[in-house]
Amino acid sequence: MMEKPEELKLIDENGYRIDGRKKYELRKVNMKVGVLKNANGSAYVEWGKNKILAAVYGPREIHPKHLQRPDRAILRVRYNMAPFSVEERKKPGPDRRSVEISKVIRGALEPAVILELFPRTSIDVFIEVLQADAGTRVAGIVAASLALADAGIPMKDLVSACAAGKIEDEIVLDLNKEEDNYGTADVPVAIMPIKNDITLLQMDGYLTKEEFLEAVRLAIKGAKAVYQKQREALKERYLNVLQEEE
Ligand code: CDP
């Protein structure tokens, strides 16, 4: 979040945001499951200008071995931004931000995965951000959840996610990059829609308690809409498999 230039209006007099959306409108979200031949599961998500690939390997033997858990699999997540994914070239390799995001994404996915079924193994999730425009952690969670399902890993629920935030004194759904930069707050939320559980809840910026609750409610609504798209993308994947077999 940065200081907003005086003349910049994030919502115009007719209630439209700079990319033409209304307050409670999601960016365009498209997803495809099963896009990589050499991973056990994969998915590609375009969410506004975000472009994100997720790949899953496993359950597989763990290296180093001392990380093995006798009673369950371990889930490892690496969120990585390509150098060309942002305006100012990102130095390759992990930095504090990507280490933190990897950790919170792991926390968001773990409650959904039935790790007890695969003792002594690891399930590895790789999230590659090819193009970033704010909201990459929620888009990464959505992609990773699809890739886990595509890998055939038993899950209690899909994990869906979305953010809401505050711009120009209004709570709005799904901030884009300018809104994230010049807005007042951003609240990413991940949910397990069927289990009715929240698996990620963060806040960047400033909100009153009421505004925070409004943002969380709105983000959950957004995540539920994204969940429907995840289901459709998975169905399409299996229809394709059926057709390939015929
Ligand atoms: O992407 P997300 O909103 O989950 O995380 P963030 O840390 O709030 O980052 C917001 C946005 O800032 C990213 O999506 C990128 O578009 C941008 N960013 C950037 O331009 N350069 C970086 N090194 C990191 C983030």
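Residues numbered from 1 in each chain as written. Predicted model: local features only at pLDDT ≥ 70, side-chain atom pairs only at ≥ 80, totals over all residues. Heavy atoms only, no water.

For clarity, the threshold we go by: UniProt positions are given in the numbering used here, feature names are shortened, and annotations may be inferred rather than shown by experiment.
An unreviewed UniProt entry lists the chain under the name Exosome complex component Rrp41, with Palaeococcus pacificus DY20341 given as the organism. Note on the chain: under the UniProt heading Subcellular location (unreviewed entry), the record states "Cytoplasm".

Some remarks on the overall build of the chain
Definition in use: Numbering of helices and strands runs from the N terminus, with a helix taken as a DSSP run of H or I at least four residues long and a strand as a DSSP run of E at least two residues long. Working definition: with a 1.4 Å probe on protein chains only, accessible area under 20% of the residue-type maximum means buried, over 50% means exposed, and in between means partly exposed. A contact between two residues is defined here by any heavy atoms of the two lying within 4.5 Å. Note that His is not counted, nor are the chain ends; the positive residues are Lys and Arg, and the negative ones are Asp and Glu. Charge positions are represented by NZ for Lys, CZ for Arg, CG for Asp and CD for Glu.
A count of helical and extended segments in the chain gives four helices and ten strands. Its helices and strands in sequence order give the chain the pattern β-β-β-β-α-β-α-β-β-α-β-β-β-α, from N to C terminus. Its C-alpha atoms give the chain principal-axis dimensions of about 55 × 45 × 35 Å. Buried residues in the chain amount to 47% of all 246 residues. Sequence-distant contacts in the chain: of pairs separated by 6 or more residues, those separated by 24 or more amount to 68%. For the chain, the distance from the average position of its 39 positive side-chain charges to the average position of its 39 negative side-chain charges is 6 Å.

Let's talk about the nonpolar core
Basically, it comes down to this: By nonpolar core is meant a set of buried Ala, Val, Leu, Ile, Met, Phe, Trp, Tyr and Cys residues that side-chain atoms within 4.5 Å join together.
Counting 64 residues, the largest nonpolar core has Trp 47, Leu 109, Ile 123, Ile 127 and Ile 141 as its most contacted members. Ranked by residue count, the leading element in this core is helix 2 (residues 136–150), at ten residues.

Side note on the sheet that holds strand 5 (residues 121–131)
In plain terms, the rule: Two strands are counted as paired when DSSP detects at least two bridges linking them. Geometry is summarised by axes, namely lines fitted to C-alpha atoms with helices restricted to the contacting stretch, and by angles between N-to-C directions that run from 0 to 180 degrees.
With respect to topology, five strands assemble into an open sheet ordered 1-2-3-5-4, the strand pairing being mixed. Edge positions in the open sheet fall to strand 1 (29–33) and strand 4 (74–81), since each of these has one partner strand only. Strand after strand, the sheet turns through a mean of 15° between neighbouring axes, direction not considered. Where strand 1 and strand 2 (residues 41–47) come together, five bridges link them in antiparallel fashion. Opposite Val 33, over in strand 2, you have Ala 43 as the bridge partner.

Let's talk about helix 2
Spelled out, the test is: Here the expected span of a helix is defined as 1.5 Å times the quantity of residues minus one.
Taking 1.5 Å of rise per residue, the 15 residues of helix 2 would be expected to cover 21 Å, and the 20 Å separating its terminal C-alpha atoms lies within 8% of that figure. The element helix 2 is largely enclosed, with a buried count of 15 among its 15 residues. Immediately downstream of helix 2, the backbone of Gly 152 shows phi near 80°, a positive value.

As for the layout of surface pockets
Put simply, the test is: A cavity here means a set of points on a 1 Å grid, drawn over the protein atoms and nothing else, where a 1.4 Å probe fits but cannot get out; a pocket is an open set with protein on both sides within 12 Å along at least five of seven lines, and a residue lines either one if it has an atom within 4 Å of a point. Grid points are joined across faces, edges and corners, and a volume is the space filled by probe spheres set on the points.
Here the largest pocket defines a volume of roughly 660 Å³. Around the largest pocket, the lining comprises 28 residues; the ones closest to its centre are Met 81, Arg 97, Ala 134, Lys 177 and Asp 180. Taken together, the elements giving at least two residues each to the lining of the largest pocket come down to helix 1 (96–109), helix 2, helix 3 (177–182) and strand 8 (185–192). In terms of residue count, the dominant contributor to the lining of the largest pocket is helix 3 (five residues). A volume near 170 Å³ is recorded for the second largest pocket. Counting residues per element, the ones that place at least two in the lining of the second largest pocket are strand 1 and helix 4 (209–245). The element that contributes the greatest number of residues to the lining of the second largest pocket is helix 4, accounting for six residues.

Comments concerning the environment of Ala 73
With respect to the helices and strands, the residue Ala 73 is situated in the loop between strand 3 (50–61) and strand 4. Judged by its relative accessible area of 0%, Ala 73 is buried. Taking the C-alpha atoms as reference points, Ala 73 and Met 2, separated by 71 residues in sequence, lie 41 Å from one another. Apart from the residues lying within four places of it in its own chain, the contact partners of Ala 73 are Leu 115, Phe 118, Pro 119, Thr 121 and Ile 123.

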